[in-house]
Amino acid sequence: MTGDVLTDWIRPEIRAASPYSVEAVPEGALRLDAMESPFDLPPDFHRKMGEEMAGIPLNRYPDGSASELKELLGKTLFGLPPDHLFLGNGSDEILQNLFLATPGPILLSEPTFSMYRIIAKIAGRPVATATQSEDLTLGTEVLIEAAREHRPSLIVLSSPNNPTGREIEEEAVDQLCREFSGAVLLDEAYFPFSGRTLLSLRRRHPRLMILRTLSKMGLAALRLGILAADPRIVAELEKVRLPYNLNLLTQRAATLVCREFLPVLEAQVRSIVVLREDLRRSLSSLPGVEPLPSSANFLLIRIEGKDPAEVARGLAERGILVRDVSRQHPLLAGCLRVTIGTAQENERFTGALALILKGIP
Ligand SMILES: *Cc1c(COP(=O)(O)O)cnc(C)c1O
């Protein structure tokens, strides 16, 4: 049997797609490509987690509604009752549930997080796009115009946006929600680093939903995403969610974090913000490098006079992984995205970049 015959029962758009590839990380490589925190939790957390693990009944399904965790997350992170929250195995899973639940096109403001498009394709949703302004701000008028034209059921925005690091003004989201009658999802994956949320705008616009994740604030391994939405929306999404989507390890670890370790995570976030500004200053002093302002835990940097793909390759040869986003969108031409590391890691990155730009092998 040829490959074509063997797989012709699979939807053509899936056969035409390529898997989201996360490249194998070489031993000792410095990962500045995935927006992970450079800091692990303290040994005390790992010890307590070990004790938790020892007592877990592995023969039983976990709490399917994660009610204890939901209650805690609502109290500690959102100031909301648990029926306003919907939890997912990472926020990617929440996006998938949302896209599966809605019938119409999804409208995106590009450039933005590449997973929106990928998940829309898998869920069979058409994607419409509005292009951001030259300075990578939202371009509200263009977005509202695109909403009129394409009549999406859902608009997905990210603030701070990945990969630009830019925030969306409250007034822009407010205006959009007033003029657009569908639902609006605001992905605040990088909220911890900007400290600004539009959560309270939900009071005025009940169709506005706020998406968060624990991944970027030091808990990428857990896979926990949280959606804050009107309880009536949450009730509908509960019908799409697969049972037991949050494993017991994740539930226990996140519960422990909420009870005892939030101050540790907050301190780590504050350090990352300081490190980000330090890195931006040192990159600014390199000729041909323009680090753009960022409210997240990464920097978008524009490289002049050298192919960014080549620069990324040069860094990889030195064991440093960054993301070449230059071909993702015309507005990102010449751009690399680099995650903030520890002070030493950022120095190693800056040093290697300086050598590559000088053409030193
Ligand atoms: C990383 C990222 C996510 C994915 O978060 P998970 O909870 O790890 O699935 C969602 N949205 C944006 C904008 C991101 O950059």
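Overview of the structure. (Residues numbered from 1 in each chain as written. Predicted model: local features only at pLDDT ≥ 70, side-chain atom pairs only at ≥ 80, totals over all residues. Heavy atoms only, no water.)

## Topic: the sheet that holds strand β2 (residues 85-88)
Inference 1: An order of β2-β8-β7-β6-β5-β3-β4 is seen for the seven strands of this open sheet, with the pairing classed as mixed. Of all strands in the sheet, those bounded by a partner on one side alone are β2 and β4 (127-131). Shown here is a sheet whose adjacent strand axes are inclined to one another by a mean of 25°, direction ignored. (Pairing = 2+ DSSP bridges. Helix = DSSP H or I, 4+ residues; strand = E, 2+ residues; numbered from the N terminus. Axes fitted to C-alpha atoms, helices over the stretch in contact; angles between N-to-C directions.)

## Remarks on the site of the ligand
Inference 1: Around the ligand, the structure places 14 residues, and the nearest of them are Asp187, Tyr190, Thr213, Ser215 and Lys216.
Inference 2: Between the ligand and Tyr190, the relevant distance is 2.6 Å, taken from an oxygen atom to a side-chain nitrogen or oxygen of the residue.
Inference 3: For the ligand, whose free accessible area comes to 390 Å², the fraction covered by protein is 94%.
Inference 4: Counted by class, the shell around the ligand contains four nonpolar, six polar and four charged residues. (Near = heavy atom within 4 Å. Polar contact = N/O pair within 3.5 Å; in protein donor to acceptor, adjacent residues only side chain to side chain. Areas by Shrake-Rupley, 256 points an atom, 1.4 Å probe, with all protein chains shown as cover. Nonpolar A, V, L, I, M, F, W, Y, C, P; charged D, E, K, R; others polar.)

## Overview of the sheet that holds strand β10 (residues 298-303)
Inference 1: Strand order in the open sheet formed by four strands is β9-β10-β13-β12, with antiparallel pairing between adjacent strands. Each end of this open sheet is capped by a strand with a single partner; those strands are β9 (289-291) and β12 (323-324).
Inference 2: Sheet analysis places β9 next to β10, joined by three bridges and oriented antiparallel. Counted as the bridge partner of Glu290 is Arg302 from β10.
Inference 3: Running over the sheet, helix α11 (residues 248-284) touches β9 and β10 and is turned about 10° from β10.
Inference 4: Sitting on the sheet, helix α13 (residues 343-357) touches β9, β10 and β13 (335-339), and the angle it makes with β10 is about 10°. (Contact = heavy atoms within 4.5 Å.)

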